[in-house]
Structures are given as structure tokens and as C-alpha cells.
Amino acid sequence: MNGRSCLTIVLAAGEGTRMRSSLPKVLHSVGGQTLLSHVLAAAPGGPGTLLAVVVGPGHEAVADEAKRVRPDVMAFVQGQRLGTAHAVLAAKEAIIRGADDLLIAFGDTPLISADTFTRMRAPLQAGASLAVLGFHARNPTGYGRLIVTDGRLTAIREEADASDDERRVTLCNAGVMAFDGKTALQIIEKIGNTNSKGEYYLTDAVGIVGELGLTAAVIETSENEVRGINTKAQLAEAEQVMQTRLREAALEAGVTMVAPETVFLSADTSFGKDVTIEPYVVIGQGVTIADGAAIHAFSHLVQASIGRNASVGPYARLRPGTSLGEGARIGNFVETKAAVLEAGAKVNHLTYIGDACVGANANIGAGTITCNYDGFNKHRTEIGEGAFVGSNSSLVAPLKIGAGAYVGSGSVITKNVPDNALAVGRGQQSLREGWAKRFREMKLLAKKPKSG
Ligand code: UD1
Ligand code: CA
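This report concerns the structure included in the present document.

What counts as what
Residues numbered from 1 in each chain as written. Chains lettered and ligands numbered in written order. Predicted model: local features only at pLDDT ≥ 70, side-chain atom pairs only at ≥ 80, totals over all residues. Heavy atoms only, no water. Helix = DSSP H or I, 4+ residues; strand = E, 2+ residues; numbered from the N terminus. Contact = heavy atoms within 4.5 Å. Near = heavy atom within 4 Å. Polar contact = N/O pair within 3.5 Å; in protein donor to acceptor, adjacent residues only side chain to side chain. Areas by Shrake-Rupley, 256 points an atom, 1.4 Å probe, with all protein chains shown as cover. Nonpolar A, V, L, I, M, F, W, Y, C, P; charged D, E, K, R; others polar. Donors = N, O, S within 2.8 Å, 3.2 Å for Na, K, Ca; no water. Buried < 20%, exposed > 50% of the residue type's maximum accessible area, 1.4 Å probe, protein only. Phe/Tyr/Trp six-rings, centres within 6.5 Å; stacked < 30°, edge-to-face > 60°. Core = buried A, V, L, I, M, F, W, Y, C linked by side-chain atoms within 4.5 Å. Arc of directions from axis to C-beta. Salt bridge = Lys/Arg side-chain N within 4 Å of Asp/Glu carboxyl O. Pairing = 2+ DSSP bridges. Right-handed = clockwise from strand over helix to strand, strands pointing away. Patch = residues over 30% accessible without salt bridge, like charges linked within 9 Å, V, L, I, M, F, W, Y side chains within 5 Å. Expected span 1.5 Å × (residues − 1).

Remarks on the environment of Thr 215
Here is step 1: Along the chain, Thr 215 turns up in the loop between helix H8 (205-211) and strand S11 (216-220).
Here is step 2: Thr 215 sits 61 residues away from Thr 154 along the chain, and the two C-alpha atoms are 8.9 Å apart.
Here is step 3: Discounting chain neighbours no more than four positions away, the residues touching Thr 215 are Gly 127, Ala 128, Ser 129, Leu 130, Arg 152 and Val 209.

Overview of the site of ligand 1
Here is step 1: The immediate surroundings of ligand 1 are formed by 21 residues, with Gly 14, Gln 78, Thr 84, Glu 158 and Asn 173 found nearest.
Here is step 2: At a separation of 2.8 Å, an oxygen atom of ligand 1 approaches a polar side-chain atom of Thr 84.
Here is step 3: For ligand 1, an oxygen atom lies 2.6 Å from a polar atom in the side chain of Glu 158.
Here is step 4: If ligand 1 stood free it would expose 750 Å²; the protein chains cover 91% of that surface.
Here is step 5: Taken together, the residues of the shell around ligand 1 break down into 9 nonpolar, 9 polar and 3 charged.

A look at the coordination of the calcium ion (ligand 2)
Here is step 1: At this site the calcium ion (ligand 2) is bound by Asp 108 (OD) and Asn 230 (OD1), with donor distances of 2.8 Å. With Asp 108 in the loop between strand S6 (101-106) and helix H5 (114-125) and Asn 230 in the loop between S11 and helix H9 (232-252), this residue pair connects regions lying 122 residues apart in the sequence. Accessibility classification places Asp 108 together with Asn 230 in one group, the buried group.

Here we look at the packing of aromatic side chains
Here is step 1: A full pass over the atoms with the stated rule returns 6 aromatic pairs.
Here is step 2: Ring geometry for Phe 298 and Tyr 315: centres 5.0 Å apart, planes at 5°, overall stacked. One end of the pair, Phe 298, is in the loop between strand S16 (294-295) and strand S17 (300-301); the other, Tyr 315, is in the loop between strand S19 (311-312) and strand S20 (316-318), and 17 residues separate them in sequence.
Here is step 3: Phe 298 gets classed as partly exposed once you look at its relative accessible area, which sits at 40%.

Thoughts on the nonpolar core
Here is step 1: Ranked by size, the top nonpolar core spans 54 residues in total, and within it Ile 277, Ile 289, Ile 306, Leu 324, Leu 341 and Ile 401 carry the most contacts.
Here is step 2: Listed by contribution, the elements that provide at least two residues to this core are H9, strand S18 (304-306), S20, strand S22 (329-341), strand S23 (346-358) and strand S29 (399-401).
Here is step 3: Residues Ile 9, Ala 94, Leu 146 and Ala 216 belong to the second largest nonpolar core, which totals 36 residues.

So, helix H2 (residues 60-69)
Here is step 1: All of the buried residues along H2 are Val 62, Ala 63, Glu 65 and Ala 66. Seen end-on, H2 carries its buried residues on one side only, within an arc spanning 160°. For H2, the exposed residues set more than 90 degrees away from the buried face come down to Glu 60, Asp 64 and Arg 68.
Here is step 2: Elements that come into contact with the buried residues of H2 comprise strand S1 (6-12), strand S3 (33-34), helix H1 (35-42), strand S4 (49-55) and strand S5 (74-77).

Let's talk about the pattern of salt bridges
Oppositely charged side chains may form a pair once their charged atoms are brought near each other.
Here is step 1: Under the criterion given, the structure shown has 18 salt bridges.
Here is step 2: In this structure, the salt-bridge partner of Glu 65 is Arg 68, at a minimum N-O distance of 2.8 Å. On the criterion of helical spacing, the pair formed by Glu 65 and Arg 68 is a turn pair, its members being 3 residues apart in helix H2.
Here is step 3: For Arg 68, a relative accessible area of 54% gives the class exposed.

As for the pairing of S4
Here is step 1: By the criterion of burial, S4 is predominantly enclosed, with 6 of the 7 residues buried.
Here is step 2: Note that S4 and S5 share 4 bridges and pair parallel. Bridging from a neighbouring strand, Ala 52 pairs with Met 74 of S5.
Here is step 3: Once the chain exits S4 it traverses H2 before rejoining the sheet at S5, and the crossover so formed is right-handed.

Re the environment of Ala 233
Here is step 1: In this fold, Ala 233 is placed in helix H9.
Here is step 2: When the C-alpha atoms of Ala 233 and Met 19 are compared, they prove to be 8.9 Å apart, with 214 residues separating the residues in sequence.

Structural notes on a nonpolar patch on the surface
Here is step 1: Residues Tyr 280, Phe 298, Tyr 315, Phe 333 and Leu 350 make up a contiguous nonpolar surface patch of roughly 540 Å² in combined accessible area.
Here is step 2: Of note, Leu 350 is situated in strand S23.
Here is step 3: Leu 350 sits in the exposed class, given a relative accessible area of 51%.

A word on H5
Here is step 1: Under the 1.5 Å per step criterion, the end-to-end length of H5 is 18 Å for 12 residues, consistent within 8% with the ideal 16 Å.
Here is step 2: Those residues of H5 that sit buried are Thr 116, Phe 117, Met 120, Arg 121, Pro 123 and Leu 124. The buried residues of H5 all sit within an arc of 150° when viewed along its axis, so they share a single face.
Here is step 3: The inward-facing, buried residues of H5 contact S1, H1, S6, strand S7 (130-136), strand S10 (171-180) and S11.
Here is step 4: Positioned one or two residues after H5, Gly 127 has a phi angle of 110°, which is positive.

In C-alpha cells form, the structure reads like this:
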């Protein structure tokens, strides 16, 4: 934007004690993606931008996640957790490089949008030294309050340090701040820790800006965009906001959903044209659904690619590595994992297809199982184009079934089947004419009370 360079620092060194979890707080997910990844994805990117994340000691997993999402990110460790201003200074090395704008965001505020970051930078260009993101909280308890006197932002008061009057203020600090790069370091280094918690509060920057005769602006946004997550209850609330957004975006993109409130999506779900999703479908991360595909009710999909006009469910479970070609069909109570179904392949009922490739137009009968695991290793099954596997067959991998081959129902197939062959592997049927009738007569006779 506007040719100004920008450094964004995302603070993510908190313990997240209130989550009561061994997982660092910012690695919890909403919309199938970590809290941290949402913030990083919204942060300014491209030429003239730098990105830094501040992580807690021993939280390499947080730095790794940041690098996965934005390989350009610089990671800094805050050795001791002494407050938000102290956390910013952990990235001093990056600040010294001297960007025009310095944005500070929190890793536990995942619903923030790229547009808001852009709006925060506008007052800096207009001459302000600091812009603070504010919102009207329905319940302001716990948030820093924005103290506005004569139309000017003069201070931010943390809950613990606020007077009764100040606590009645509902305009709150969302946590995102934008500093003019020229004075940022000078201001942040002035922040002390004489407050009830003995922490270095970044929010004290506002008072210092005033003392220096500089100006601080407020940019307002909605509460839903800046919900901070400290507890599992807040995580669930944020998920609700995220799901509403994702459903609206999907409807907007032309997806048909008759009960969108029952469908769960991921932030990275991608849809083609004329996709239908029936009620009670859960879509985890890494799912793409091509034009004309239908996902029927009660299906669960993760890391799966659904081809054009393919059909899934009802009651299907597609696990990671599933790829369905054009017009492929997965029916009820079918589970797939690391499975490629080529165009027109059909797996319609009660089947497990794992570590397998099913050729174009092949038909897999009800109850077929690819036996892919021997207790130690996984093995592959390859089924050729146009093959027909009869119901209730066990395909013991590693195994190849040739193109156009037939497998008789109820077979246990352990050896490769050539193209166009018939393989049957089951007990021979025996027949005894009239046996059932004789059996019944014998039993009835044995039951009759003995006379005399
Ligand atoms: C903070 C703000 C408060 C604001 C609220 C919005 C301060 C002093 N308070 O309070 O005004 O209304 O957010 O949600 O800034 N962090 C570190 N290192 C630290 C301390 C915190 O990296 O030493 C990180 C945390 O991981 C978190 C963020 O900074 O991502 C905010 O910290 P948190 O303790 O959650 O602050 P709040 O009490 O919520
Ligand atoms: Ca917080």
C-alpha cells in the first residue's frame, strides 16, 4: 500500500494457562487452521513488508508453524514473559531495520482481517504516531479501556489499574497497534512497569505519545473481528464466528447448502461451481471440491480432493490422501484413506479402501476391504480400469488386480489377478438335495411324546 514499508510483529509468547492444555495457545485451531496462521495470513505481505513472530522459550513448534505459513517470517524468543511491550522488544533487531510502519498484532486474535491492517496504517500516513484498534465490547471486563478526552485518545487503562469510572468505558483495546516507524522504538523503550501487575504494558505507549506532543488515533472495528482467545469457551465462540463467515462465503461463491448452519467448513476449503453440500457434513482442512460435485448428508472429509460431478455419501468418511476423479462415486458407510479413485470408479457401500488406486470405471462391491496392514507395514492395492470386485471380498495387499478382471463375491484374494481374468478364492459350495426336509422331519419325530 501507498509505497510505505511495513514490519508486522505478532506476539505469541504467552503461556495460555487458561486454555488448560499442553498445546501452546496459538496452536489451537479455528476453521481447521491454527490461531497463529490466521493472523499471519492476514498480516501485510509482498514487497516492502517484513514479518516477525515472538515466541516463548521452548515453543519451537510455534516458530515452526509460523514458518510453515509464512516462510519469510523471522522468529524471536522472549526469554521471560514480562508483558506485551517487553515482548515487542524481543524483536528489536527487526525494528532497528527501520520500516515506515510498525504493526503489532496478537497471535490469540485469529478473526482479524487484512483489510483492518490496511486501515490501521492510514492514520500514520496522515501524520499520527500511533493508531490503536478499538471496539465496543458487550462485556468489557478484562480488556484495556480506551480513554478519550476531548475527542483525543489520551491513555489505555488496563482492567487491573482502572478506576470505577474508567471501568464503565466500553470502548476497548483490541490489541492491534500501528506505530510510525520513525518514533516507534523511542516510545516503546520508554515504557516502564510501575503498575499493579509489574508488567511492561504496550498500552502505555498511548500516554507516552501524548507526553511527547505526538498524536494517537483510534480505528474502530466490530467485536467479532477482535475476539481474543484465552479460554476454551472463547475458542468455541471464535469458531462460531469463523463458521458463519465461511458458510456465508461459500453461499456467496454459489455452493448450495439447504442447512448451512449444520455444515462445518475449513478456512482453506475450496469449491468449484454448482457444488452441493447436504446437511451435517464436516469438512476438515485441505479439501477441494470441483464443479458439480455433491457431498451428501453426514459425511466427514479431511485432506481430500473431489473431482467434477463426483458424489460422496451419505455417511462417507474420506480420510487424508483421498482423491476422486470425475464422476467417481463413494456411497454410504465407505471409508477411504490414501486412495485414488479414477474417473467413474464406484465404491457404493460398506467398504474400506486404503493405500489403493481404483482404476477408471472399476466397480467395487459392497463390503470389500483392502487389507492394507499386516500389523507392521502398510501395503498397496492396485485395481485396474474397469475391474469388477464382487461383494464382501478381502483384497490382501500388496496386490494388483488387472484391468477388466473379475473377483468373485466373498473371495479372499492374496495373489495378483491378470487383466480380464476371473479370480475366486472361497470355499466350494456343496449341495444335498432334500436334506433340509429330512432334517426337519427327524427333529419333529424326536420331539413327539412317546405313547404308551
Ligand atoms: C491485552 C491488552 C489489553 C487488550 C487485550 C485484547 C496489554 C497490556 N493489554 O490484554 O489492553 O484489551 O489484550 O485482547 O497489552 N504476550 C507475549 N509476551 C508477554 C505477554 C503477552 O508474547 O510477555 C502475548 C500473548 O501471547 C498474547 C498477547 O501478547 O498473544 C496478549 O497477551 P495477553 O496476556 O493475552 O493480554 P490480555 O490480558 O488479553
Ligand atoms: Ca488475550
